[in-house]
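Observations on the three-dimensional arrangement
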Amino acid sequence: MKKNLLLRWAGTLLILFALSPVFAQNKTISGTIKDNQDGTSIAGASVLVKGTTIGGKTDGNGNFSISAPQSAETLVVSFIGYTNQEIAIAGRSTISVAMAPSNTALKEIQVVAIGYGTARKRDLVSSVATITAKDFNKGLITAPDQLLQGKVAGLEITQNSAAPGSASTIVIRGNGSLRSGDAPLYVIDGVPLDGRSATPGLNISGGGYGSAAEVNPLLYINPNDIAQIDVLKDASATAIYGSRGANGVIVITTKRAASGTGTHLEFGTNFSSNVGYMKKYKVFDAAGYRSALNTYGIANQKNPLDDGGSSDALKSITQNTLSQDYHLALTGGNEDGRFRASFLGSQNKGFIRNTSLAKFIGTFGGQYKFLDKKLSIDFNLIAGHVTNNYALIGNRAGAAGDLISYALNWNPTSNIYAKDGSYNLLSHSIPNPVAVTDAFHDQSNVENYLGNISAAYKILPNLEYKFLYSINHSTGLRNTSVDGFLPLQGTLNVGLAAIGTAILTSATYQNTLNYKAKITTGLNLDVVGGYEYYKTNYSSTNITSNGFGTNLTQQNRTPILYTSIFQSAANISALNSFADPSVEIQSYFARANFNYLDKYYVVATVRDDGSSKFGSNNKYGIFPSVGVKWVLKNENILKDNTTVSELALRASWGITGSQSFPAGVSQAQFALNAGGGGQQIDIPNPNLKWEKTTQYNLGVDFGFLSNRISGKIDLYNKNTTDLLFANVPIVPSPNVIRYTNAPVNLINKGIELSMGGAVIQTPDLNWEVDINVAYNKNILKNYPDALIPTGGIDGQGVSGTFAQAIANNQPADVYYLKQFQGYDATGHQIIASQPSFQGDPNPHVIAGLSTTLTYKKFSLSVNGSGQFGYLIYNNTSNTITNISNIANGKNVSSYILGTPESITDGAVGSSRYLESGNYFKLRNATITYTIGNIGNYLKNLRVFASGTNLFVLTKFRGFDPEVNIDKSNGSGYPSRNIEYTPYPTPRMLNFGFTAGF
Amino acid sequence: MKKYTYLKATAVVFCVSGIFACTKLDQKLNSSFTASQYAGALGTSTLLHAAYVDVGAPYTDLAGVFALEEVTTDEALIPTRAGDWDDNGKWRALHQQTYTADAVDVILSQFTNLNTLSFDATNVLAFNPTPGQAAEARFLRALSLYQQLDLFGQYAYRSAGEDLLKPSKVYTGEPAVQLIISELTSILPNLPMVNTVSIASQDAAKVLLMKTYLNHGAFVNRMSPTFADADMQQVITLGNSLMTSGRYTYMKNYFDNFSPTNSNSTENIFAYPNTSGTKAENSGVTNRWYPTLHYNSFGAKAPASGWNGFSTVADFYNSFSLTGKTTMSIADSTVDPRMGERFYKGVTDVSGMKPGLLVGQQYDQNGVALLDRKGNPLAFDPNIAANLKETGNNLEVTGIRVLKYGPDFSGLDHANYNGFAGNWVVIFRYPDVVLMVAEAKIRSTAADMGGALMLVNSLRSARGASPMTMLPLSNPSNVSDPNTLLAERSRELYWESVRRTDLIRFGMFMTPWAYKPASDAHYMLFPLPSSAIAANPALKQNPGY
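Just so you know, these numbers come straight off a predicted model, no measurement behind them.

1. Some remarks on unusual backbone geometry
For residues that are not glycine, phi is negative in most cases, and the peptide bond is trans in most cases. Residue and element names in this part refer to chain A. Between V731 and P732 the backbone carries a cis peptide bond, its omega angle lying at -5 degrees. Inspection of the secondary structure assignment puts P732 in the loop between strand 38 (723-727) and strand 39 (738-742). In this model, L371 sits at a positive phi of 50 degrees, which is unusual for a non-glycine residue. Of note, L371 is situated in the loop between strand 20 (356-370) and strand 21 (375-389). Even without being a glycine, N977 presents a positive backbone phi close to 50 degrees. As for its position among the elements, N977 is in the loop between strand 51 (938-954) and strand 52 (978-979).

Here's what the structure looks like:
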């Protein structure tokens, strides 16, 4: 090695000697070097004449000035973390270079948000996954969680429904809860969010239509504004969030302007269109249905089942309308301050007719420095308006059905329209699904304001005090109007209108003190301590009415919605109003980071968390953690090894908590009912406390060949005890859940690998591949009580049937079903008389793959992900498209034709409907062409075209194996991976451009 | 640790110096009240009111206490009709008596409903009630305890104000019976003498006492009930005081007791009040007719409205004639009018349906014969598949249907059909008093057969049925023998949730009947939900489960 270097030096000297006469005619070249992503100047970059050692480095402002031989034609600009660039200098004296970060190396210098502070990525002791804007998922993104899907090892993101703007189920490192509605804590620019949405719920759930899918609470965050998302996974990272950290923490950092870079305008647009089902649920078409009627000998009934027409209801309820999205951002600043303003306007048409999501979001934020830069003020304001139009698609529709069940069941020999062009309203008791998309109007409008301001003052050069105040206020209005001509249960001939409102307000107040010190040579200390106060309030109202005089027939339809003439209804219900108990959290926290010679790191955190939710006997809880890291690479033995560019071992331990149970249950509550009654509505438990998760984590960070290949492996063991548990009451008592801290162990063990590298790395051609794989095993131990049935099956003929259970020595929500044992001689199912354990609904392996191929100005990025080792319960197949429905003139699953099943067989919940959920989905493929600058004004123009949900590989028979219909049974027990008449997933094409001015 | 203390001290300084003072984290409830706020602001009457409302849930829906007391007997069954009514096999399990600990969700839901009633009634006592309020609350609790003892052979009991996290006390057998008797006896003087039938009156307490005394022997030993003479005399004395009160007379038309205007019935002693078209506190009495009617029962007026489930069998139908045979078309014949099939104003003229037992061809209000969904005549067929799984072409029409409560058609037909009907749910009715007295007379040490027969025939005469000539309690070899007191109770009180109790008391519950073979003794008690036992180990699972 040394020899080599000597030779090089010798060679250089020789050349210098040979060329020495030329030195007399040098020329001066100056310029600036910046990051091409955010425009920040790069200090210390090296600028050399190609093939020589002549040159220099940039100063603190990214400026350089070098003296080069007249003959020099090319400069080579390099800096760690960026791709080398060669610049032609013939005839130029000033140049400006925008450097592109190199993907593999970028990770090294990244700053990671770790809660109440940041850390350089290489100083990170905890298990944190960081995804920056350039790695975000592409395509039509409506909420920030979609940016991450499939990108982070051990982060399972399941979009509950393909309806635009619907919520996701997010699980970090396995199912750590036995309650429904648990989600990670979201922190945006240091502000922890409530996690709820002010979108009022659908108010016609009583009619057998089931509750509507939840709406994503992060819709008002403009995905284009996000610079980086950090997923805190192990306890040494999350314990700083104490009693809210147990389900993991997702920290979102929004974009900031770079200081001193002048004013920039960035503009982009995205058009997209649905292009049919990603995967269509297979029911009979008209010809197949006719032949099935013959097969089953029911073609000649008195009430004919063949209506003589032809229709494709599943297709008729969809739309391929163009969606549009425009976003622009304005940034600017000087030495003392900078600002960024952005705007997003999007109109996203859903795949189902008349569903849509429209968003208008404006943000304004800035950082200004005063008092010789000792005081800095940082503020950010988001104002968002979201309009959502929904379809009649319910989570738990019973015999009354919902739009998807109507479309699946609609007789394919029945025409959608009568000869006169009106709807053929009812066929074999199934309402016309297209008419339902047309005359079911359900719209929510939500306004959201999130404002935060912080002031940081450097008391001493190494001591900083920071104060932050944030308020998040959100109001929602939902108007539902169901025309009376629709043959729906409870609304036919009378119509129905419902109006609901909701208000959600939360405020955060933080004080932190940060102290950085060099204790002795090589030993650095970074301490942060603080106080946080958080409060949240939620209230809602709703009112319903029926008995309208208009729109009772198709002929007398008017475009006026019932919600606009509410007072004309014959029956108007009383107004219901409800305000949740307030939740207040008060916390003290501290974190100390020790770094010795960049070799040995120790981080310790502690948080003392008090919550008004907890019982009077247990208001406060202490959550400690400690993590250590040993950077082997910086030991002498590896220091100069060129193969191993990074190697570090990490270990951590910590305790985090969860307090996600309804506020108020620690004390006795009494409610007043309509009609004059009133009663105790809870079982008070003054001993209630936080749920405790103890987590161990062992990790290795590695990188080879200048981090051309790098990645990390993490092993973890999470043990959740004092589980906040929805226990059955000890009767006599109010008929509600008895919340207790169950002394059980819910254990998640797993291993995660994420790895990335450049397969090809040449100036013109780059190919990078990133993969992540995680294995998790979930088991409930020491649960002493009777098995609790969860995951209720819905539809006609199966009431009282549950698919899942909470049981000892089984994974959470394990399938507990009667076993299907084939068919008897008459074609009837043989079903075991008693249920038994039938497998796991929790995926054991989740994996993601992204790859980017860049050739000159073209780049192709593809990403896909999958889940493996779990079962899905196909409730749709069980109760909507089961064989017996064909005898009633309804459409059924076409696969049934190949089974020996008789058409008089019953609809029984059993293991028959468990299907392997294994899938791999090509989520997105995007081709980008960087045109670059056009003229003097248009800069960095890029155009792209992409396809989303291009295909899915799965044996699952439903629309989409990635679905999680909420089947929690009303008692707070969750369900997992039960599929039931979901909003179907479309395949989408997008195209658009981004440009700067 | 020292470091931590130091940091915390620093943090406290922040907290104090900040805009917000440190909070004590006291919870504000906002929409609900703390116990002290509630006691001060609203008083006891609202709690008592809520306890009354609790009565609706177990006693209204056919999938409530009804399912446990009737579907397990020879009066009711629900065959599985291809894709409909499998419902985890629970309806077949109930009728065939093969229920197990957790497979029938009705058992859990009624256990819960009855205990909610028990709790809400008990909670009244913790809020300084007047003696009258306390008596009403204790009546409601006694009703719950009686029903639980009947279904499960045990009940959990709490005093007012107990810690709900601690196990409750459990009563079984003799002490369980005695507690109900002593409760009812001690509250009797404080209850209103005469009142609206929706309120616990002395008469209602007397009926509950009569039921407790009459079933005392069966509650203590279901295998071989004995009937203490003292208990029988109590039944007779209490019954006589009601019969001589002059407050109760038989209605001219039997079905007026269940009509949308049945709040006027002179037979009702205790009932749950519903108001037509009113949602608040409506117990959903539409579920008395939804579950039994066919999809097309209402014809074009309300397509696909019925649920086509709950049925009864030919043996029960035939027991209305003392010869044990009825025809299938008896309109306006001399056979017992309680079986229905007569024109009933407000129902037949609106929908074509004739309340009572629906068998054979059904018609709409214009006399047009209705069809089922396949296009076959909508003609209810008494013959049901042997295994209760219908697979034939007639699977929609098997089973005789029972329309005891005449649907409320006032106002908008369709809206009310799907909405809120005004029929009151009958819980105690005068004829039961009369029949209990008759039974007690027969069961007395000095049996008064003549007195019993006279009472029964006076009832039959009021109903328009021919008199009986003899009155054995039951026929041990034929549960459907029409010439028995057991059959007369069935003809009068069918689908009123007393049949299972009767069959156990008459020693007939294990005998075979239509679509049920002879069954094991342990089915005379329902299994407790295993989750309830896990929560309170004082509850003991009944033998055999």
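2. So, the side chain of B:R288
All names here are of chain B. Inspection of the secondary structure puts R288 in the loop between strand 4 (268-272) and helix 12 (314-318). Despite being buried, R288 has no salt bridge partner; E70 is the closest side chain of opposite charge, sitting 7.3 Å away. Separated by 3.3 Å, the side chain of R288 and the backbone oxygen of W495 make a polar contact. When near neighbours in sequence (up to four residues on either side) are disregarded, R288 contacts Y59, T60, L62, F66, Y405, V425 and W495.

3. Notes on the side chain of B:D364
All names here are of chain B. With respect to the element layout, D364 can be found in the loop between strand 6 (360-361) and strand 7 (379-380). Looking at D364, its side chain comes within polar contact range of the main-chain nitrogen of N366, at 2.8 Å. Apart from residues lying up to four places away in sequence, D364 is in contact with S351, G352 and L370.

4. A short note on empty space enclosed by the protein
Over the atoms rolls a probe the size of a water molecule, and its path tells where empty space is left. Residues and elements named next belong to chain A. All told, the structure shown has 17 cavities of 30 Å³ or more when counted by the stated rule. When its volume is computed, the largest cavity comes out at roughly 470 Å³. Lining of the largest cavity is provided by 32 residues; of these, L140, Q146, Q159, N949 and M988 occupy positions nearest its centre. Looking at the lining of the largest cavity, the elements with two or more residues in it are strand 19 (337-349), strand 50 (919-934), strand 51 and strand 53 (986-996). Ranked by residue count, the leading element in the lining of the largest cavity is strand 50, at three residues. Looking at the lining of the largest cavity residue by residue, the class counts come to 11 nonpolar, 15 polar and six charged.

5. Considering the packing of aromatic side chains
Residue and element names in this part refer to chain A. Taken as a whole and assessed by the stated rule, the structure comprises 57 aromatic pairs over all chains. A ring pair is formed by Y509 and Y531, whose centres lie 6.4 Å apart and whose planes are at 70 degrees; its orientation type is edge-to-face. In this pair, Y509 sits in strand 26 (residues 496-520) while Y531 sits in strand 27 (residues 523-546), placing the two residues 22 residues apart along the sequence. Each member of the pair, Y509 together with Y531, is buried. With a centroid separation of 6.1 Å and an interplanar angle of 40 degrees, the aromatic rings of F661 and Y739 are classed as tilted.

6. Some remarks on the sheet that holds strand 2 (residues 46-49) of chain A
All names here are of chain A. Pairing is antiparallel across the open sheet formed by four strands, whose spatial order is 3-2-5-6. Where the open sheet ends on each side, the last strands, each with one partner, are strand 3 (55-57) and strand 6 (85-88). Going across the sheet, the axis of each strand differs from the next one's by a mean of 20 degrees, ignoring polarity. Here strand 2 pairs with strand 3 via three bridges, running antiparallel. Within strand 3, the position partnered with V47 by the bridge is G56.

7. Notes on the sheet that holds strand 49 (residues 914-916) of chain A
Consider a sheet: its strands pair through backbone hydrogen bonds, and that pairing is either parallel or antiparallel. Residue and element names in this part refer to chain A. Read across the open sheet, the three strands follow the order 49-48-52; overall the sheet is mixed. Each edge of the open sheet is held by one strand with a lone partner, namely strand 49 and strand 52. In this sheet, strand 52 lies alongside strand 48 (residues 871-874) in parallel orientation, the contact comprising two bridges. Bridged to N874 within strand 52 is E979.

8. Quick word on the nonpolar core
Counting 154 residues, the largest nonpolar core has B:F139, B:L140, B:F270 and B:F428 as its most contacted members. It is helix 8 (residues 131-152) of chain B that contributes the most residues to this core, 11 residues altogether. In this structure, A:A391, A:A397, A:V436 and A:I965 belong to the second largest nonpolar core, which totals 42 residues.

9. A closer look at the interface of chain A and chain B
One widely used convention gives an interface's size as the accessible area the parts lose upon coming together. Between chain A and chain B, the residue contacts involve 93 residues of the former and 85 residues of the latter. For the pair chain A and chain B, the summed buried area comes to about 7,100 Å², and 59% of that belongs to carbon and sulfur atoms. On the surface where chain A and chain B come into contact, there are zero salt bridges. At the surface where chain A touches chain B, the tally comes to 26 residue pairs in polar contact (both at pLDDT 80 or more). The greatest single-element share of the side of chain A that touches chain B, amounting to six residues, is contributed by strand 27 of chain A. Residues of the side of chain A that touches chain B, tallied by class, amount to 40 nonpolar, 41 polar and 12 charged.

10. So, the pairing of strand 21 of chain A
Residues and elements named next belong to chain A. In the sheet, strand 20 pairs with strand 21 via 15 bridges, with the strands oriented antiparallel. By the bridge assignment for strand 21, K359 is matched with V386. Between the antiparallel neighbours strand 20 and strand 21 lie four residues, among them L371 with a positive phi of about 50 degrees. Note that strand 21 and strand 24 (residues 440-460) share 15 bridges and pair antiparallel. When the sheet's bridge partners are listed, S376 is paired in strand 24 with A456.

11. Some thoughts on the packing of helix 16 (residues 449-463) of chain B against helix 17 (residues 485-493) of chain B
Residues and elements named next belong to chain B. Remark: helix 16 packs on helix 17, axes separated minimally by 12 Å, with the N-to-C direction vectors making an angle of 35 degrees. In this structure, helix 16 crosses over helix 17, and the sense of that crossing is left-handed. Mapping the contact onto sequence places V456, L459, R460 and R463 in helix 16 and L485, E488, R491 and E492 in helix 17. Here the residues of the contact of helix 16 with helix 17 are counted per class, giving three nonpolar, no polar and five charged.

12. Considering a nonpolar patch on the surface
Residue and element names in this part refer to chain A. Judged by side-chain polarity, V759, W767, L853, Y855, F858, L860, I927, Y929 and V943 come together as a nonpolar surface patch covering roughly 750 Å² of accessible area. At the level of secondary structure, the elements contributing two or more residues to the nonpolar patch comprise strand 46 (845-855), strand 47 (858-868) and strand 50. Judged by relative accessible area, which is 44%, Y855 ranks as partly exposed.

Conventions used here
Residues numbered from 1 in each chain as written. Chains lettered and ligands numbered in written order. Predicted model: local features only at pLDDT ≥ 70, side-chain atom pairs only at ≥ 80, totals over all residues. Heavy atoms only, no water. Helix = DSSP H or I, 4+ residues; strand = E, 2+ residues; numbered from the N terminus. Buried < 20%, exposed > 50% of the residue type's maximum accessible area, 1.4 Å probe, protein only. Lys, Arg positive; Asp, Glu negative; His and termini not counted. Salt bridge = Lys/Arg side-chain N within 4 Å of Asp/Glu carboxyl O. Polar contact = N/O pair within 3.5 Å; in protein donor to acceptor, adjacent residues only side chain to side chain. Contact = heavy atoms within 4.5 Å. 1 Å grid on protein atoms, 1.4 Å probe; cavity = no way out; pocket = protein on both sides within 12 Å on 5 of 7 lines; lining within 4 Å. Points joined across faces, edges and corners; volume = space filled by probe spheres on them. Nonpolar A, V, L, I, M, F, W, Y, C, P; charged D, E, K, R; others polar. Phe/Tyr/Trp six-rings, centres within 6.5 Å; stacked < 30°, edge-to-face > 60°. Pairing = 2+ DSSP bridges. Axes fitted to C-alpha atoms, helices over the stretch in contact; angles between N-to-C directions. Core = buried A, V, L, I, M, F, W, Y, C linked by side-chain atoms within 4.5 Å. Buried area = accessible area lost by both parts, 1.4 Å probe. Left-handed = near helix turned anticlockwise from the far one by under 90°. Patch = residues over 30% accessible without salt bridge, like charges linked within 9 Å, V, L, I, M, F, W, Y side chains within 5 Å. Areas by Shrake-Rupley, 256 points an atom, 1.4 Å probe, with all protein chains shown as cover.

That is the geometry; function is a separate question.
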